[in-house]
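Given next are the chains, with one letter for each unit.
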Amino acid sequence: MRLTRKKTAAETEAAQSEGLGVSRRGFLKGTGVAAGGLAATGLLGQGMIRKADAQTAKSSAPVEVKRTICTHCSVGCGVYAHVQEGVWTYQEAAFDHPINKGAHCAKGAALRYHGHSTRRLKYPMKLEGGKWKKLSWEQAINEIGDKMLQVRQESGPDSIFWLGSAKFNNEQAYMFRKMGSLWGTNNVEHQARICHSTTVAGVANTWGYGAMTNSYNDMQNSKSILFIGSNAAEAHPVSMQHTLLAKERNNCKVVVVDPRYTRTAAKADEYVRIRSGSDVAFIWGLLWHIFANGWEDKEFIKQRVYGMDEIRREVQQFPPSVVEDITGVGEAQMYKVAKMLADNRPGCIVWCMGGTQHTTGNNNTRAYCILELALGNVGKSGAGANIYRGHDNVQGATDFGVLSDSLPGYYGLAEGSWRHWAGVWGLDYEWIQNRFDQNTYRGGKPMHTSGITVSRWVDGVLEDKEKISQKDNLRVALYWGHAVNSQTRGPEMREAMKKLDMMVIVDPYPTVAAVMNDRTDGVYLLPACTQFETYGSVTASNRSIQWRDKVIEPHFESKTDHEIMYLLSKKLGYEKELFKNITINGNEPLIEDIVREYNRGMWTIGYTGQSPERLKYHQQNWHAFDFTSLRAVGTEADGDFYGLPWPCWGTPEMKHPGTHILYDTSLAVKDGGLGFRANFGVERNGVTLLAEGSAPVGNEIGDGHPEISANLLKQLGWWNDLTAEEKAAAEGKDWKTDLSGGIQRVSIKHGVAPFGNGKARTIVWTFPDAIPKHREPLYTTRRDLVAKYPTWDDFEALYRLPTLYKSIQQRDTSAEFPIILTSGRLVEYEGGGDETRSNPWLAELQQDMFVEINPFNANSLRIRDGQDVWVYGPEGGKARVKALVTNRVDRNVAFMPFHFGGFFQGENLRNRYPEGSAPYVSGEAVNTVTTYGYDPVTLMQETKTTVCRIEAA
Amino acid sequence: MKYRKRNRGWFSLVALLLAGCLFSLPSVAQPQGGPPADARKELMQTLPGTTSDYWRNVQGGVTGTTSSRSPGAETLIMVQGEQWRNWRNHWVSPGGLIALGGSAAGILLFWLLVGPVKLEHPRTGRKIERWTRMDRTIHWYVASLFIILGFTGLMLLYAKWFLQPILPGGVWAAFMTAAKNIHNYLGPLFALGLLAMILKWIRHNAFNRVDLKWFAKGGGIVGKGHPQAGYLNGGEKVWFWIVTFVGLTVVISGLIADFPNFGQSRETMQITLLVHGIGALILMAASFGHIYIGTAGTEGAFEGMKTGYVDESWAKQHHDLWYHAVKDQAIDEAELEARKAGNSQTAANPTQAS
Amino acid sequence: MARMKFLCDSERCIDCNGCVTACKNANETEWGIQRRRVVTLDDGEIGKEVSISVACMHCSDAPCMAVCPTNCFYPTEDGLILHNKDTCIGCGYCLYACPFGAPQFPKQGAFGARGKMDKCTFCAGGPEADPALEAQKYGANRLKDGKLPLCAEMCSTKALLAGDAQEVSDIFRERVVYRGHRNGAWGATQQEPGLSELARQAAELATDAARS
């Protein structure tokens, strides 16, 4: 029996709070009716009845039903929000929603609280002399704008870091990229960099598009599912509905590959424990058995894959004994899994951060694709690479190029790309060009070189100015919906924050950035709305675009992100250009106009057919879409796929149904069929890169072909299918740049995919590793493998910054830091957790930051379950957390969740939050301990494999 | 984070058995309810399709991890709950009725058959101080709290069978709330009194040869002539030790139950409440005898605890040895009245001589 | 009359705590009160781990009801066990009797001050005529509006089912049939024999319950 019962910090906090869940509106407060009966007033009865203080009073006012989408992950669950007199009073399960059928995880089921949160940022504030001071919006925008203009004057436009968000809706994401671009910089980023950037790079370079090929729903048709580096049960719980249906209805075999026995693994037919960071070797190990037994899909490879023979040769280097040495998985299990996947086709592969957040992230993602290509598991229902994205709109924000290496639609940064968008925007190319720094750095002009990434803005601040490929260091950072505690190297980040001239945090919550910065001045907080306080579209992981209603009016003094963009751009003097085609109501740009603008420009990935009207129609007719095929039956959307998953080719008038399954040749392009994108040329070393003997149904060419341009249309004799207007617009253009959409329309009319019909490639000759290679992590406990599988040499400049590999790996830390540290997800929280830890319904469930330690290590280190421990990282960071002794992790492996913040190396930062806005639960951020390490293609950070030492506190 | 908690149920059965030994009642027909709930059946309906291994585990009170921080949340099925219910509802509750009823009936029968013990000789009018003001204060303090706690405790155990049907809902609720709160708030005060009483009187309560003879004569019921007794007779000493041991048990268990804010497990609370109930019922049953003997059962006894003084005749008859030691301290009734009126110093403590 | 029951399909439960927060959402219970919880057994043990969502089971012969000193519990026509907070004195006996840890108390204070007991009502509210008061004291009354408990409606994998015992067991039986290829329910990964027998038993029990 415990003799004392300590209150946790969170409990104390909750007890002190002014009443959980009490709405901002007076009438919502508990009606004050005493719970009746004599007992309430009777003898000694007073005080016995606690009036439930967390309640919204039930009202008989008329109910408005709003349809919105959960903001917590990319599954895209539908929600019915019942609103009475402007207050969100009930949340009902959307049983007719085609993706979730009413289902929610802890976060989705707690959504309504966001409509009542009191822990929000309430008005603009600035830090002055160590104290938070309230500002008017006007003053805040003026001060911020003046500083930005001053820094621009002194250090050029690239010294401002525009850190946007995957929590934007599509329209805001698009405007944010455009806003950064017209400011004159490519230093525009968001969390996709540290989420699936290696996926996008690796997968797009394998077969054309870097997104999930199929859908959550389509997984019901899978016969096997390989989860590698994905803990869907905690990260995408509602997706498990489809997985478990496949298991139940389809006898689907579920294989989970993870260093940690997760809740997903608990549902697996086969759980494979691998050493963190050994994914490529694991995949090669599977392929070794597949090739050895002839289980590969030879016909598919012949028709649709380039370079499989090179892979076959590479795989020969990975016989079972080598694979066991690297991954820790024995031959018998490797064989079993390989056979399971081979015997149960179509099968798909699922990966998440466990695969992407590595220095070898792009190698991992390409290896995964190659496995699916070898098994012929691409372009079919039940097959594919089902890449679960993270945030609710990280797919959309990626598509709209809130990234330093591309304009919206993956157009890149070449002059042609800028000219294309200048055309869409109705602006002079030269005007835009003049907004940029005209100097050249290491051979590149800032307008055409990838900017600094979110993973490394810290280095952009701290790095020696001479070594950065732009005019000056970063001096101002706009954290526009970003959780800084999701980034590695916490202690250095704190230094960088201190060095900045100004920090601007635009967010519904103060975020960890507001408290960990160690500054006394020059921090601005601007309260932004959540997505429940505005409307617009959001792209789920499966590329379906869903429309959200506005549920409630903005809380406190918060403003929508697009309104803040308008106000700031006005202050910065370019709102006329930025919003040239867009109606402004008051200070708020019209969302529908933004959709129409990007509809006119996003040809590459087919964000062109999804007009606001079509999206809204889908939203109003959730019930019409099938739960497995996502296809509408009946209504005006008959035949459409839900949310018009991109590519939805051509103009809205063309009524393309969207593409549910990418690269599926069993459908005509007009019905959502495709071959692989012919994006890598037509041949290499005398071998064709175009499909051979395979094409989508109805393809009049009947074989592989390059992407469609005006010239090719003429050669094919289809030019005259264009209208006169289309001809005028299409002349000299191709499918990506023809603003009339005529080229796409005519291509599809002839059954031809506008992007060509190519082969997927297993070799990416432009990448540091043309063939994916296993390379030991920078911090590894297996020093013996470093010699054979070393990392890369250091790079002088990647995304404008010197990037280290070998010089980090050289240092042997294995004696001092013998435990592998990996990080991951808790179902109750999202990302940095600022929002979810401020939701008491969720916060109550996870009150302590912890580290999972195997009993083997715990006993050796004399650490008890629940005890406080210090976790030390090899770069000097440390965190004080609770020990959770469990067999979920292997011996010499530790796991920490990444959602916590508010404590820093033992220091409690809670009193640094503006009054009344600290989240209910705080804790150390795992990323105070995590270390250096970046993927050379995308600068993805390494969060999944580092090392640590644990000591009792 | 999710805590893994140790299974705390290991000692429950042993403890239940111990508790049973304390007050081993005959099995009686249960006065209420049907057969006990079958947790397995309930869970089978709710969690079908599980293996037999699983059921063995679950029924063994297996614990897991959970994010709930409620006490015992990590246990899927607390098997002891059902045992506790059986003990409470099928043994303690009816057993208590039998004990209390039996005790009351026995006394009534004794009174009818034997009648009260009268003074054998007329009062002399000379009084001897038997209980000091402090003694009486402690006694009545403890006694009144005992009655209040006993009554409220009985209400918590039995009132729903006879009071609820006749009271309007609001009154019933207020009554029970009051009963519980009075019981819980006064309990610790009772504990203090009991402790003071034990400390104050313990030195008079060592058993000696005289007590053996007293017991042999059954306190005067067996054979002829009143057995010899000192300041306290054997019966009073027995009562004292019952009050001490059972009373302390009731008090300690009561305090554990009254302060659940130290993280007591459900299993601890179950045992605590059983022990408390059994002990309290024993005390109450026994107290009937004490009350009878001290009031209607013995002429002249009550005035001792009421006024502090007893008549010489009474002292001689019931506590002859003590009487001989202190008889020179006897005073006239009139003088006593005068003293009381004058509020003068109390007489030398007469009990010192015994 | 229908007999309402919960059914948790442990083959599908992934410990996402959706049911727990859905309950919070519907009933707005205060911090510390979780009418529903998910328990994971053999956490981290490969091939053995199983998660189960638990709340009040609305037992046919409810132990809480049997030990309550004030008789604050009452069965409804739907086979639910509800309670009257006005009559509850916060003694905690129901918690000590309940095998499932369902009763929740707002506090564990000195002098046995626990506040009013709170537990799952199957989203059927409690004995209070005024809807506002009912919501305040007992949370949602969805049943009245023909809706089922929000925890089950929102379950991420449809592991938690709620409703008429017969219908719920039919749904489960259908799943068992689908899973027939793998020898039944959750033990599938352990190759446990005789599962179909247990499943049949379970279905029978559920059917019995539906009849009673």
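Please read all numbers here as calculations on a predicted model, not as lab measurements.

A. Spatial organisation of the confidence of the model for chain B. Per-residue confidence for chain B averages 82 on the pLDDT scale, and 79% of its residues sit at or above 70. Confidence drops under a pLDDT of 50 for residues 1–36 of chain B, and excluding neighbours within four residues, the segment shows 77 contacts in the predicted structure.

B. Looking closely at empty space enclosed by the protein. Evaluation of the coordinates by the stated rule reveals 19 cavities of 30 Å³ or more. Its boundaries defined by the atoms lining it, the second largest cavity holds a volume of some 710 Å³. Elements with a minimum of two residues in the lining of the second largest cavity: α4 (80–113), α5 (133–162), α6 (169–201), α8 (234–258) and α9 (266–294) of chain B together with α3 (93–97) of chain C. The residue makeup of the lining of the second largest cavity, split by class, is 24 nonpolar, nine polar and four charged.

C. Here's a closer look at the UniProt feature "transmembrane region" (unreviewed entry) in chain B. Residue and element names in this part refer to chain B. Taking the UniProt record as the reference, the feature "transmembrane region" (unreviewed entry) is found at residues 97–117, 138–162, 182–202, 238–257 and 269–293. Secondary structure content for residues 238–257 is 100% helix and 0% strand, and the end C-alpha separation is 27 Å. The span residues 269–293 shows a helical share of 100% and a strand share of 0%, and its end C-alpha atoms are spaced 36 Å apart.

D. Focus on the sheet that holds strand β4 (residues 309–311) of chain B. With respect to topology, three strands assemble into an open sheet ordered β4-β3-β5 (chain B), the strand pairing being antiparallel. Among the strands making up the open sheet, the edge pair consists of β4 and β5 (331–332) of chain B.

E. Helix α20 (residues 490–499) of chain A, seen in detail. Residues and elements named next belong to chain A. For α20, the full list of buried residues reads Gly-490, Met-493, Arg-494, Ala-496 and Met-497. Across the axial projection of α20, the buried residues extend over an arc of 160°, all falling on one side. For α20, the elements touching its buried residues are α19 (457–462), β14 (476–480), β15 (502–507), α21 (513–516), β31 (902–904) and β32 (907–908).

F. Just the packing of aromatic side chains, in detail. Counted under the stated rule, the structure contains 59 aromatic pairs over all chains. Seen in terms of ring centroids, A:Tyr663 and A:Phe676 are 4.9 Å apart; in terms of plane orientation they differ by 45°. Their pairing is tilted. Of the two residues, A:Tyr663 sits in the loop between α25 (612–620) and β21 (683–684) while A:Phe676 sits in the loop between α25 and β21, which places them 13 residues apart along the sequence. One aromatic cluster is present, formed by A:Tyr174, A:Tyr209, A:Phe400, A:Tyr411, A:Trp421, A:Trp425, A:Tyr598, A:Tyr607, A:Trp646, A:Trp649, A:Trp735 and A:Phe755 through successive ring pairs. Against the face of A:Tyr123 rests A:Lys134, its NZ or CZ located 4.4 Å from the ring centre. Positioned above the aromatic ring of C:Phe6, the side-chain terminus of C:Arg36 is 4.4 Å from the ring centre.

G. Representation of the sheet that holds strand β29 (residues 878–885) of chain A. All names here are of chain A. Here six strands make up a closed barrel; going around it, the order is β26-β30-β27-β29-β28-β34 and the pairing mixed. The mean inter-strand angle of the sheet, taken between neighbouring strand axes irrespective of direction, is 45°. Bridging between strand β26 (residues 819–824) and strand β30 (residues 893–897) involves five bridges; their strand directions are parallel. Looking across to β30, one finds that Ser-823 is bridged to Met-896.

H. Looking closely at the nonpolar core. With 146 residues, the main nonpolar core has A:Met148, A:Trp162, A:Trp284 and A:Leu287 as its most contacted residues. Residue contributions to this core reach at least three from each of two domains, namely domain 2 (125–194 + 394–589) and domain 3 (197–387) of chain A. Setting aside residues no more than four positions away along its own chain, A:Trp162 makes contact with A:Met148, A:Phe176, A:Met179, A:Gly180, A:Trp183, A:Thr185, A:Asn187, A:Val188, A:Glu189, A:Leu478, A:Leu572 and A:Tyr574. Counting 106 residues, the second largest nonpolar core, distinct from the first, contains A:Leu845, B:Trp239, B:Val310 and C:Met117.

I. Main features of the environment of A:Gly78. Residue and element names in this part refer to chain A. Its location among the elements puts Gly-78 in strand β2 (residues 78–84). It is 32 Å that separates the C-alpha atoms of Gly-78 and Leu-567, two residues lying 489 residues apart in sequence. Sequence-distant contacts of Gly-78, defined by excluding residues within four places in its chain, comprise Thr-68, Ile-69, Ala-94, His-97, Asn-100, His-104 and Trp-622.

J. Molecular detail of the side chain of A:Asn187. Residue and element names in this part refer to chain A. Of note, Asn-187 is situated in the loop between α5 (170–183) and β7 (188–189). Judged by its relative accessible area of 0%, Asn-187 is buried. Within the structure, Asn-187 has its side chain in polar contact with the backbone oxygen of Asp-158 (distance 2.8 Å). Among all residues touching Asn-187, those that are not within four sequence positions of it are Asp-158, Ile-160, Phe-161, Trp-162, Gly-451, Ile-452, Gln-470, Leu-474 and Arg-800.

K. The pattern of salt bridges, seen in detail. All told, the structure shown has 87 salt bridges over all chains when counted by the stated rule. For B:Asp211, the salt bridge goes to B:Lys237, with nearest N and O atoms at 2.7 Å. Of the two residues, B:Asp211 is situated in helix α7 (residues 209–216) and B:Lys237 in helix α8; the sequence distance between them amounts to 26 residues. Classification of B:Asp211 as buried rests on a relative accessible area of 3%. A salt bridge links C:Glu153 to C:Arg142, with the nearest nitrogen and oxygen atoms 2.7 Å apart. Taken as a pair, C:Glu153 in helix α5 (residues 150–154) and C:Arg142 in the loop between α4 (131–138) and α5 lie far apart in primary sequence, eleven residues in all. Neither C:Glu153 nor C:Arg142 differs from the other in exposure class; each is buried.

L. Looking closely at the pairing of strand β6 (residues 160–164) of chain C. Residue and element names in this part refer to chain C. Taken across its five residues, β6 has five buried, putting it largely inside the fold. In terms of strand pairing, strand β1 (residues 4–8) meets β6 through five bridges, oriented antiparallel. Following the sheet pairing, Lys-5 is matched in β6 by Gly-163.

M. Highlighting the environment of B:Ile271. Residue and element names in this part refer to chain B. With respect to the helices, strands and loops of the structure, Ile-271 is situated in helix α9. Overall, Ile-271 belongs to the buried group, its relative accessible area being 14%. In the structure, Ile-271 is positioned 37 residues away from Gly-308 in sequence and 40 Å away in space, judged by C-alpha atoms.

N. Structural context of the packing of helix α9 (residues 279–292) of chain A against helix α13 (residues 331–343) of chain A. All names here are of chain A. At a closest axis distance of 9 Å, the pairing of α9 and α13 adopts a crossing angle of 70°. It follows that α9 is roughly perpendicular to α13 by the angle criterion. The handedness of the crossing between α9 and α13 comes out as right-handed. Judged by residue contacts, Phe-282, Gly-285, Leu-286, His-289 and Ile-290 of α9 engage Glu-331, Met-334, Tyr-335, Val-337, Ala-338 and Leu-341 from α13. Grouping the constituent residues of the contact of α9 with α13 by class yields eight nonpolar, two polar and one charged.

O. Main features of the UniProt feature "domain: Cytochrome b561 bacterial/Ni-hydrogenase" (unreviewed entry) in chain B. Cross-referencing UniProt, the feature "domain: Cytochrome b561 bacterial/Ni-hydrogenase" (unreviewed entry) maps to residues 130–307 of chain B in the present numbering. With 74% helix and 0% strand, the stretch residues 130–307 of chain B has end C-alpha atoms that lie 9 Å from each other.

P. Structural context of the packing of α9(A) against helix α12 (residues 320–327) of chain A. Residue and element names in this part refer to chain A. Packing of α9 against α12 brings their axes to within 9 Å, and their N-to-C directions diverge by 160°. What the angle tells us is that α9 and α12 run roughly antiparallel. Crossing of α9 against α12: the hand is left-handed. Of α12, the residues touching α9 (which contributes Ala-281, Phe-282, Gly-285, Trp-288 and His-289) are Pro-320, Val-323, Ile-326 and Thr-327.

Q. View of a nonpolar patch on the surface. Residue and element names in this part refer to chain B. A cluster of nonpolar residues, Leu-108, Leu-109, Phe-110, Trp-111, Leu-112, Leu-113, Val-114, Ile-221 and Val-222, forms a patch on the protein surface that exposes about 940 Å² of accessible area. Along the chain, Trp-111 turns up in helix α4. By relative accessible area, which is 40% here, Trp-111 ends up partly exposed.

R. Layout of the pairing of strand β12 (residues 347–351) of chain A. Residue and element names in this part refer to chain A. Of all five residues making up β12, five are buried, and the element is well covered by its neighbours. Because side chains alternate across β12, one face comprises the buried residues Gly-347, Ile-349 and Trp-351, and the other comprises Cys-348 and Val-350, equally buried. As paired strands, strand β8 (residues 224–228) and β12 are joined by five bridges and run parallel to one another. By the bridge assignment for β12, Ser-224 is matched with Gly-347. With four bridges joining them, β12 and strand β13 (residues 384–387) adopt parallel strand pairing. Bridge pairing links Cys-348 to Gly-384 in β13.

What counts and what doesn't
- Residues numbered from 1 in each chain as written.
- Chains lettered and ligands numbered in written order.
- Predicted model: local features only at pLDDT ≥ 70, side-chain atom pairs only at ≥ 80, totals over all residues.
- Heavy atoms only, no water.
- pLDDT = per-residue confidence, 0-100.
- Contact = heavy atoms within 4.5 Å.
- 1 Å grid on protein atoms, 1.4 Å probe; cavity = no way out; pocket = protein on both sides within 12 Å on 5 of 7 lines; lining within 4 Å.
- Points joined across faces, edges and corners; volume = space filled by probe spheres on them.
- Helix = DSSP H or I, 4+ residues; strand = E, 2+ residues; numbered from the N terminus.
- Nonpolar A, V, L, I, M, F, W, Y, C, P; charged D, E, K, R; others polar.
- UniProt positions renumbered as here; feature names shortened; annotations may be inferred.
- Pairing = 2+ DSSP bridges.
- Buried < 20%, exposed > 50% of the residue type's maximum accessible area, 1.4 Å probe, protein only.
- Arc of directions from axis to C-beta.
- Phe/Tyr/Trp six-rings, centres within 6.5 Å; stacked < 30°, edge-to-face > 60°.
- Lys NZ or Arg CZ within 6 Å of the ring centre and 35° of its normal.
- Axes fitted to C-alpha atoms, helices over the stretch in contact; angles between N-to-C directions.
- Core = buried A, V, L, I, M, F, W, Y, C linked by side-chain atoms within 4.5 Å.
- Domains from an automatic or database assignment.
- Polar contact = N/O pair within 3.5 Å; in protein donor to acceptor, adjacent residues only side chain to side chain.
- Salt bridge = Lys/Arg side-chain N within 4 Å of Asp/Glu carboxyl O.
- Parallel < 35°, antiparallel > 145°, perpendicular 65-115°, else oblique.
- Left-handed = near helix turned anticlockwise from the far one by under 90°.
- Patch = residues over 30% accessible without salt bridge, like charges linked within 9 Å, V, L, I, M, F, W, Y side chains within 5 Å.
- Areas by Shrake-Rupley, 256 points an atom, 1.4 Å probe, with all protein chains shown as cover.

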